[in-house]
Amino acid sequence: MERCDLVITGGGPAGLAAAVSAWEAGVRDIVVLERDQELGGILNQCIHSGFGLHTFQEELTGPEYAGRYVEKVRRLGIPCLLDTMVLELSPEKVVTAMSRERGLFQIQAGAVILAMGCRERARGALRIPGFRPAGIYSAGTAQRLVNMEGFLPGREVVVLGSGDIGLIMARRMTLEGAKVHVVAELLPYSGGLKRNIVQCLDDFGIPLKLSHTVIDIQGRERVEGVTLAEVDANLRPIPGTEEHYRCDTLLLSCGLIPENELSRAAGVALHPTTAGPLVDESLETNLPGVFACGNVLHVHDLVDFVSEEAAAAGRSAARFLSGGGARGHRTIPLRAGKGVRYTVPAAVDPVRMDEEIVVRFRVAGVYQDVSVVASCGGEPLVRKKRMIVSPGEMEEVRLKRADLLAQPDAEEITVALEMKA
């Protein structure tokens, strides 16, 4: 059994940022386990720009952003084991992994940071009628094929789902010479960033049909066409609204899910809404010494926020390894109130927390002229006005330690939206 103070599962932007932060906080015995052949994670296939505006105050492509952290990790000499698949994590923080070079091996970790990222929802979860012909891809798979393998999946394209990857691939396929006929979205609002709707669809004349879905796929060997239909308030297709599109490719961009099979098997408690771990103000799970950050915790809209969150997880792991940050104080749960789907973290210990923490959340719909209010014991702690909020863009409030310590009898903190009368 090998031993290591800090094991980080995942060498994407979250894992790398956590490793750098832990090193800067004094941890020297660190290892990063990455299943791919290169560090950087999903950013390696995201060759478009728009990354790094918050972290580096300049616009970078995905590989450029990842490269900044890869360079830091290598300069610090933090060991990274590539082509290494983590098979199991025990509640006692024993990590079982396997690689071609080392075979099966185990590491007894002092602390673990989960940074495995997220995955796309599969078509099977959508229950679309029709055969299973060639030409159906997840948007992320198509992105890898085009950007890394140099392969164009098709020439006549329909995109189902308006997540950010789907919007970006609508533009990417257009730039490569394909014809993107339409982007259809089941919900009455887009799941992507507003800037991506403008830059990827509007600028290229690609229509976005909200409250529409695919109800049939034609073709046996290869996709020959799809049928769209408008849906009602219960998301059921409305008869008479069918539209047929001839195409050879259907891209699915129907949401992302935190990659948490490893977490679940280890006994980590998961949030029913995000499907990621339930964490406290230190980003620590219910297993002492096991932390989570990035898209494995909840799906982010900007990688800059992933890095910021991962850096906080690295500092928390360092504090845990040094003997600080022990549990046992009063914990105040955070509750998602009106218009809010969830909060991260899900609980706060005012004694353990930093002077200020960021609470991130997503809203349940598109709302205009609202106030985001975090309240404790009926008293507002934070109130900020927002002209518009939507599910595609993450929101945040900042809680101050002094405010929470001033309310020793508080039973919960509520984050909610106040609508204008």
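In the block above lies the structure referred to throughout.
Residues numbered from 1 in each chain as written. Predicted model: local features only at pLDDT ≥ 70, side-chain atom pairs only at ≥ 80, totals over all residues. Heavy atoms only, no water.

Caption draft 1: Region of interest: the pairing of strand β12 (residues 179-185). Counted residue by residue, β12 has 5 buried out of 7 residues, so it is predominantly covered. Note: strand β11 (residues 156-160) against β12, 5 bridges, orientation parallel. Paired with Val159 across the bridge in β12 is Val183. As a crossover connection, the stretch from β11 through helix α4 (residues 164-175) into β12 is right-handed. Assessed by its sense of winding, the connection that carries the chain from β12 through helix α5 (residues 194-201) to strand β13 (residues 208-210) is right-handed. (Buried < 20%, exposed > 50% of the residue type's maximum accessible area, 1.4 Å probe, protein only. Helix = DSSP H or I, 4+ residues; strand = E, 2+ residues; numbered from the N terminus. Pairing = 2+ DSSP bridges. Right-handed = clockwise from strand over helix to strand, strands pointing away.)

Caption draft 2: Representation of the sheet that holds strand β26 (residues 395-400) in the model. The 3 strands lie next to each other as β21-β23-β26, forming an open sheet whose pairing is antiparallel. Single-partner strands in this sheet number two, and they are β21 (340-344) and β26. Averaged over neighbouring strand pairs, the angle between their axes works out to 30 degrees when direction is ignored. Judged from the 4 bridges that link them, β21 and strand β23 (residues 356-363) form a sheet pairing that is antiparallel. (Axes fitted to C-alpha atoms, helices over the stretch in contact; angles between N-to-C directions.)

Caption draft 3: Summary view of the nonpolar core. Residues Leu6 and Ile8 are the most contacted members of the largest nonpolar core, which totals 63 residues. Here this core gets 8 residues from one element, more than from any other, and that element is helix α1 (residues 13-24). Not counting residues up to four positions away in its chain, the partners in contact with Ile8 are Gly15, Ala18, Ala19, Ile30, Val31, Val32, Leu33, Ile113 and Ala115. With 23 residues, the next largest nonpolar core counts Val340, Met353, Val359 and Val389 among its residues. (Core = buried A, V, L, I, M, F, W, Y, C linked by side-chain atoms within 4.5 Å. Contact = heavy atoms within 4.5 Å.)

Caption draft 4: Expanded view of α1. Here α1 contains 12 residues, and its C-alpha end-to-end distance of 17 Å stays within 8% of the 16 Å for a straight helix at 1.5 Å per residue. With 11 of its 12 residues buried, α1 lies for the most part within the structure. Of the positions making up α1, those classed as buried are Pro13, Ala14, Gly15, Leu16, Ala17, Ala18, Ala19, Val20, Ser21, Ala22 and Trp23. Against the buried residues of α1 lie β1 (2-9), β2 (30-33), α2 (62-76), β8 (103-114) and α7 (303-321). (Expected span 1.5 Å × (residues − 1).)

Caption draft 5: Structural context of the sheet that holds β13. Read across the sheet, 5 strands follow the order β10-β17-β11-β12-β13 without closing on themselves; strand pairing throughout is parallel. Every other strand in the sheet has two partners, leaving β10 (136-138) and β13 as the edge strands with one partner each. Shown here is a sheet whose adjacent strand axes are inclined to one another by a mean of 20 degrees, direction ignored. Bridge count between β10 and strand β17 (residues 249-252): 3 bridges; the pairing is parallel. The residue bridging Tyr137 from the neighbouring strand is Leu251, located in β17. Strand contacts of α4: β11, β12 and β17, with the helix running at about 170 degrees to β12, the strand carrying the most contacts.

Caption draft 6: Just helix α3 (residues 139-147), in detail. A large share of α3 lies buried, amounting to 7 of its 9 residues. Buried positions along α3 lie against β9 (118-120), β10, α4 and β17.

Caption draft 7: Geometry of empty space enclosed by the protein. Taken as a whole and judged by the stated rule, the model has 2 cavities of 30 Å³ or more. As a volume, the second largest cavity reaches approximately 40 Å³. Lining the second largest cavity, in full, are His271, Thr274, Pro277, Leu278, Val279, Leu297, Thr343, Val344, Pro345 and Ala346. (1 Å grid on protein atoms, 1.4 Å probe; cavity = no way out; pocket = protein on both sides within 12 Å on 5 of 7 lines; lining within 4 Å. Points joined across faces, edges and corners; volume = space filled by probe spheres on them.)

Caption draft 8: Region of interest: the pattern of salt bridges. By the definition in use, this model includes 21 salt bridges. We note a salt bridge from Glu284 to Arg352, for which the minimum N-O separation is 3.4 Å. Taken as a pair, Glu284 in the loop between α6 (261-266) and β19 (290-292) and Arg352 in the loop between β22 (347-348) and β23 lie far apart in primary sequence, 68 residues in all. We note a salt bridge from Glu308 to Arg360, for which the minimum N-O separation is 2.9 Å. (Salt bridge = Lys/Arg side-chain N within 4 Å of Asp/Glu carboxyl O.)

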